[in-house]
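# A closer look at the structure
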Amino acid sequence: MNVLVTGGAGFIGSHVVEHYLNHGHEVFVIDNLSTGNRENIPFVKAENFFEEDICDLDLVGNIIKEYQFDLIIHLAAVVSVVDTINNPVDSNEVNITATLNLLESNRLYNNNIKRIIFASSAAVYGNNTQLPNSIMKLVNPISPYAIQKYAGEQYVKQYSNLYDIPTTALRFFNVYGPRQDPKSAYSGVLSIMQSSYLDEKPFTFFGDGTQTRDFVYVKDVVQAISLVADSDNAIGHVFNVGTGKPSSLMEVFEFLGNVLEKDISTNFVNEREGDIKHSYADIQELSNLGYFPKYSIEEGLYSYINESTKKEIGV
Ligand code: NAD
Ligand code: UD1
């Protein structure tokens, strides 16, 4: 199959690319490297890598016309909630307009498309107090990021209903694992926490550390993508992707300290604006398709630490 991964040089994208290459597919990437890194995907041929902005609507349309992809996994986005609060208009272009253009380009130019998969987010649930978050429950987006992801997934869903374009949207919960970039203050919290431990630098909690998240290991996210891509029953639907279990930030912090046998200092500052207090997923619908998270938080953290320490010592 011809597979396109937008945002393929990023954290999740690089694992998706690796998976489809390992399964013998021809994989293409569009990525402007705004938060991604070409070194994440050395296994992608130069001629299959387009260092381009997905907001270049004509260019994306032309690539789709030319390559007639079978499968598109659309991950390119402004991923930081805080960035979308600071730049609501620009992030709207990337997260909504470019998504709509991708759908429309396939409707107009690609009769070969078998599936478009869109990365939505648990952020759409906002501060819902009735947990777990289920796709049957109301959404409550409280940041531009959440609004944009909800709009994106609804366009994706309606392109299936209105135009028979085979699509699936996945609401990822908090994904972690190797190649998640810890460098920005707005990077995924476990990448920041892990690098604080490895570099023996202080870690800052926004709030008191009692906030909870459903931390899902990146390999389980790849499992979910590959499963829905192969399932006709997933067409036109939205699914949660998590583990079904919450963990508090403080629990994870203490677990990492015990495993690494390190004790680093901590700071506590105010909660972030637009931050969600508690979140975890109801994964029943995805489980009905055969999904089973293989990594508990403990197993995922062990695997993450092993991979990161191998990289540090150059194995
Ligand atoms: P990431 O920042 O590592 O990956 C995003 C990639 O998209 C990067 O390589 C970046 O360079 C690229 N990109 C950004 N804007 C682009 C543009 N205008 N044109 C082309 N490329 C562009 O982030 P990630 O964690 O791998 O996230 C992947 C997707 O999953 C995103 O859509 C994100 O919103 C979604 N998601 C992630 C999480 C998580 O916990 N990491 C949770 C829910 C949803
Ligand atoms: C994350 C994703 C977002 C996704 C959402 C789905 C990132 C950068 N963001 O948002 O794309 O849609 O999950 O649930 O991956 N925190 C600290 N100290 C830090 C950093 C963060 O205490 O140094 C706290 C935050 O305030 C928050 C929690 O840790 O309460 C998680 O933060 P973060 O990893 O940024 O994730 P979300 O905001 O949940």
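Residues numbered from 1 in each chain as written. Chains lettered and ligands numbered in written order. Predicted model: local features only at pLDDT ≥ 70, side-chain atom pairs only at ≥ 80, totals over all residues. Heavy atoms only, no water.

By the naming in an unreviewed UniProt entry, the protein chain goes by NAD-dependent dehydratase and is assigned to Mammaliicoccus vitulinus. Quoted verbatim from the Sequence similarities (unreviewed entry) heading of the UniProt record, the comment on the protein chain is "Belongs to the NAD(P)-dependent epimerase/dehydratase family." (UniProt positions renumbered as here; feature names shortened; annotations may be inferred.)

## Let's talk about the overall build of the protein chain
Of the regular secondary structure elements, the protein chain holds 10 helices and 13 strands. Relative to the compact-globule value of 20 Å for 315 residues, the protein chain shows a C-alpha radius of gyration of 19 Å, a close match. With the C-alpha coordinates aligned to their principal axes, the bounding extent of the protein chain is approximately 55 × 45 × 40 Å. For the protein chain, the proportion of its 315 residues judged to be buried stands at 51%. (Helix = DSSP H or I, 4+ residues; strand = E, 2+ residues; numbered from the N terminus. Rg over C-alpha atoms; globule rule 2.2 N^0.38 Å. Buried < 20%, exposed > 50% of the residue type's maximum accessible area, 1.4 Å probe, protein only.)

## Quick notes on the domain arrangement of the protein chain
By domain assignment, the protein chain separates into domain 1 (2-175 + 215-243) and domain 2 (180-212 + 245-282 + 295-313). Taking only C-alpha atoms, the centre of domain 1 and the centre of domain 2 are 25 Å apart. Residue-level contacts link 24 residues of domain 1 with 26 residues of domain 2. Buried area between domain 1 and domain 2, summed over both chains or domains, comes out near 2,200 Å², and the portion from carbon and sulfur atoms is 60%. A per-residue breakdown of the area domain 1 buries against domain 2 is headed by Phe215, Tyr217 and Thr243, which together make up 32% of the total. The interface formed by domain 1 and domain 2 contains zero salt bridges. At the junction of domain 1 with domain 2, the criterion picks out eight residue pairs in polar contact (both at pLDDT 80 or more). Contributions of two or more residues to the side of domain 1 that touches domain 2 are made by α3 (81-86), β10 (215-217) and α7 (218-229). Ranked by residues supplied to the side of domain 1 that touches domain 2, first place goes to α3 with three residues. Grouping the constituent residues of the side of domain 1 that touches domain 2 by class yields 12 nonpolar, nine polar and three charged. (Domains from an automatic or database assignment. Contact = heavy atoms within 4.5 Å. Buried area = accessible area lost by both parts, 1.4 Å probe. Salt bridge = Lys/Arg side-chain N within 4 Å of Asp/Glu carboxyl O. Polar contact = N/O pair within 3.5 Å; in protein donor to acceptor, adjacent residues only side chain to side chain. Nonpolar A, V, L, I, M, F, W, Y, C, P; charged D, E, K, R; others polar.)

## Structural notes on the sheet that holds strand β4 (residues 71-74)
What the seven strands build is an open sheet, ordered β3-β2-β1-β4-β5-β6-β11; its pairing is parallel. Of all the strands in the sheet, the pair left with one neighbour each is β3 (49-50) and β11 (237-241). As defined by bridge partners, strand β6 (residues 167-172) adjoins β11 across five bridges and the pair is classed as parallel. By the bridge assignment for β11, Phe172 is matched with Val241. (Pairing = 2+ DSSP bridges.)

## What to know about the packing of aromatic side chains
How two aromatic rings sit relative to each other is set out by the distance from centre to centre and by the angle between their planes. Per the counting criterion, the structure on display carries 16 aromatic pairs. Here the aromatic rings of Phe203 and Phe205 are separated by 4.9 Å at their centres, their planes lie at 90°, and the arrangement is edge-to-face. Since its relative accessible area comes to 0%, Phe205 is described here as buried. One aromatic cluster is present, formed by Tyr176, Phe215, Tyr217, Tyr295 and Tyr304 through successive ring pairs. Here the guanidinium or amino end of Arg107 rests over the ring plane of Tyr163, the centre of that ring lying 4.3 Å away. (Phe/Tyr/Trp six-rings, centres within 6.5 Å; stacked < 30°, edge-to-face > 60°. Lys NZ or Arg CZ within 6 Å of the ring centre and 35° of its normal.)

## Side note on the packing of helix α6 (residues 189-199) against helix α8 (residues 249-260)
Two quantities define a packed helix pair, namely the angle between the helix axes and the distance between the axes. Packing of α6 against α8 brings their axes to within 11 Å, and their N-to-C directions diverge by 35°. Relative to α8, the crossing made by α6 is right-handed. From α6, Val189, Leu190, Met193, Gln194, Tyr197 and Leu198 reach across to α8, where they touch Leu249, Val252, Phe253, Leu256, Gly257 and Leu260. For the contact of α6 with α8, the residue count by class is 10 nonpolar, two polar and no charged. (Axes fitted to C-alpha atoms, helices over the stretch in contact; angles between N-to-C directions. Left-handed = near helix turned anticlockwise from the far one by under 90°.)

## Some words on the packing of helix α4 (residues 88-109) against helix α5 (residues 144-163)
Running from N to C, α4 and α5 cross one another at 10°; their axes reach a closest spacing of 9 Å. As the angle between them shows, α4 and α5 are arranged roughly parallel. Each of Pro88, Ser91, Asn92, Asn95, Ile96, Thr99, Leu100, Leu103, Glu104 and Arg107 in α4 lies in contact with α5, whose residues at this interface are Pro144, Tyr145, Gln148, Ala151, Gly152, Tyr155, Val156, Tyr159 and Tyr163. (Parallel < 35°, antiparallel > 145°, perpendicular 65-115°, else oblique.)

## Considerations on the site of ligand 1
What surrounds ligand 1 is a group of 28 residues, the closest being Phe11, Asp31, Thr35, Leu75 and Tyr145. Here an oxygen atom of ligand 1 sits 2.9 Å away from a polar atom, N or O, in the main chain of Gly36. In isolation ligand 1 offers 820 Å² of accessible surface; the protein chains occlude 92% of this area. Broken down by secondary-structure element, the contributors of at least two residues to the shell around ligand 1 are α1 (11-22), β5 (115-121), α5 and β7 (174-176). Top contributing element to the shell around ligand 1 by residue count: β5, with three residues. Its residues assigned to classes, the shell around ligand 1 shows 15 nonpolar, nine polar and four charged. (Near = heavy atom within 4 Å. Areas by Shrake-Rupley, 256 points an atom, 1.4 Å probe, with all protein chains shown as cover.)

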